[in-house]
Amino acid sequence: MGQTSLKIGSSLLEIVQGDITKQDTEAVVNAANKRLAPGGGVAGAIHRAAGPELWAECQNLGGCETGEAKITGGYNLPARYVVHTVGPVFNNTLQNAKDLESCYLNSLRLAAENNVQSIAFPAISTGIFGYPLAEAAEISLRTVVKFLQENTKPERVRFVLFGADDLQVYRDSLQKIAGELK
Ligand code: AR6
């Protein structure tokens, strides 16, 4: 149940269950910390899979502020690039929603600037940073839909959810948003 994909202009938004480090998209997004250091969750998994050269490159970038994004190589990952973005630590403020929207928007802008045709996102901030998943799903999907309505690149945007329950939340949210577009 729920909706698994949505065509927007010539682009495709899709929602899958899986591991972000295994995605064959041209770029994958890291739910990073401000130091861009290997941590737990997605960041730990991406750094482990990419190898030590990723951390070496990250150390030269001067960190990253909440809501902003930086791009590096993907090293041993299937993806050619990693887009690192730092989500908000959830404390139930309006600023949290703005920052989460900025994460997706700035990641997409950076990808488009680098001519990236396909990109995969994890559910930024919904793990260690505590953002409620249903709210994060709605914000992230709406932001990507709007971006794809206004831009021709990337051609493919994939949301990669780790668990089956998380996948369901995203698919239900996409169904609701797609219904509003009709
Ligand atoms: N593939 C896809 N999704 C995953 C994976 C994976 N391999 N691993 C976890 N998730 P989190 P945050 C899901 O905590 O909340 C780090 O230590 C997970 O179930 O990785 O933005 C950083 O260094 C959850 O839904 O990111 C930061 O300090 C989502 O990905 C901090 O955690 C995000 O969980 C960032 O916290």
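Up top you'll find the structure we're talking about.
Basis of the calculations
- Residues numbered from 1 in each chain as written.
- Predicted model: local features only at pLDDT ≥ 70, side-chain atom pairs only at ≥ 80, totals over all residues.
- Heavy atoms only, no water.
- Near = heavy atom within 4 Å.
- Polar contact = N/O pair within 3.5 Å; in protein donor to acceptor, adjacent residues only side chain to side chain.
- Areas by Shrake-Rupley, 256 points an atom, 1.4 Å probe, with all protein chains shown as cover.
- 1 Å grid on protein atoms, 1.4 Å probe; cavity = no way out; pocket = protein on both sides within 12 Å on 5 of 7 lines; lining within 4 Å.
- Sits in = over half its atoms within 2 Å of the grid points.
- Helix = DSSP H or I, 4+ residues; strand = E, 2+ residues; numbered from the N terminus.
- Nonpolar A, V, L, I, M, F, W, Y, C, P; charged D, E, K, R; others polar.
- Axes fitted to C-alpha atoms, helices over the stretch in contact; angles between N-to-C directions.
- Parallel < 35°, antiparallel > 145°, perpendicular 65-115°, else oblique.
- Left-handed = near helix turned anticlockwise from the far one by under 90°.
- Contact = heavy atoms within 4.5 Å.
- Pairing = 2+ DSSP bridges.
- Core = buried A, V, L, I, M, F, W, Y, C linked by side-chain atoms within 4.5 Å.
- Buried < 20%, exposed > 50% of the residue type's maximum accessible area, 1.4 Å probe, protein only.

Here the focus is the site of the ligand. Around the ligand sit 21 residues, and of these N33, V42, S125, T126 and I128 come closest. At 2.6 Å from an oxygen atom of the ligand is found a side-chain nitrogen or oxygen belonging to N33. At a separation of 3.0 Å, an oxygen atom of the ligand approaches a polar backbone atom of F129. The fraction of the free accessible surface of the ligand (700 Å²) that becomes covered by protein chains is 89%. The cavity where the ligand resides is the largest pocket. Among the elements that take part in the shell around the ligand, helix α1 (residues 41–50) stands out by supplying four residues, more than any other. Its residues assigned to classes, the shell around the ligand comprises eleven nonpolar, eight polar and two charged.

Here helix α4 (residues 133–150) crosses helix α5 (residues 164–181) at 45 degrees, and the two axes come no closer than 9 Å. Between α4 and α5, the crossing angle belongs to the class labelled oblique. Handedness of the α4/α5 crossing: right-handed. On the side of α4, the interface is formed by L133, A134, A136, A137, E138, S140, L141, R142, V145 and Q149, while α5 contributes D166, V169, Y170, S173, L174, K176, I177, E180 and L181.

Strand order across the open sheet formed by seven strands is β1-β2-β7-β6-β3-β5-β4, with mixed pairing between neighbours. Pairing within the sheet leaves two strands with one partner each, and these edge strands are β1 (5–8) and β4 (69–73). On average, adjacent strands in this sheet sit at an angle of 20 degrees to one another, irrespective of strand direction. Relative to strand β7 (residues 156–161), strand β2 (residues 11–17) is paired through six bridges, and the arrangement is parallel. Within β7, the position partnered with V16 by the bridge is V160. The sheet contacts of helix α3 (residues 94–113) involve β3 (27–32), β4, β5 (81–86), β6 (118–121) and β7, and relative to β6 the element is tilted by about 155 degrees.

Our focus in this paragraph is the nonpolar core. Core analysis: the largest hydrophobic core is formed by 38 residues, its most contacted members being L13, I15, Y104, I119, F121, F159 and Y170. Considering each element in turn, this core owes the most residues, nine residues, to α4. Leave out the neighbours within four places in its chain, and Y170 touches I15, Y104, A123, L133, A136, A137, S140, L141, F159 and L161. By size, the runner-up hydrophobic cluster in this structure holds 15 residues, among which are V28, I46, L54 and L77.

A separate point is the side chain of R158. Within the fold, R158 resides in strand β7. At 2.8 Å, the side chain of R158 and the side chain of Q23 are in polar contact. When near neighbours in sequence (up to four residues on either side) are disregarded, R158 contacts E14, V16, Q23, D24, T25, I119, A120 and F121.

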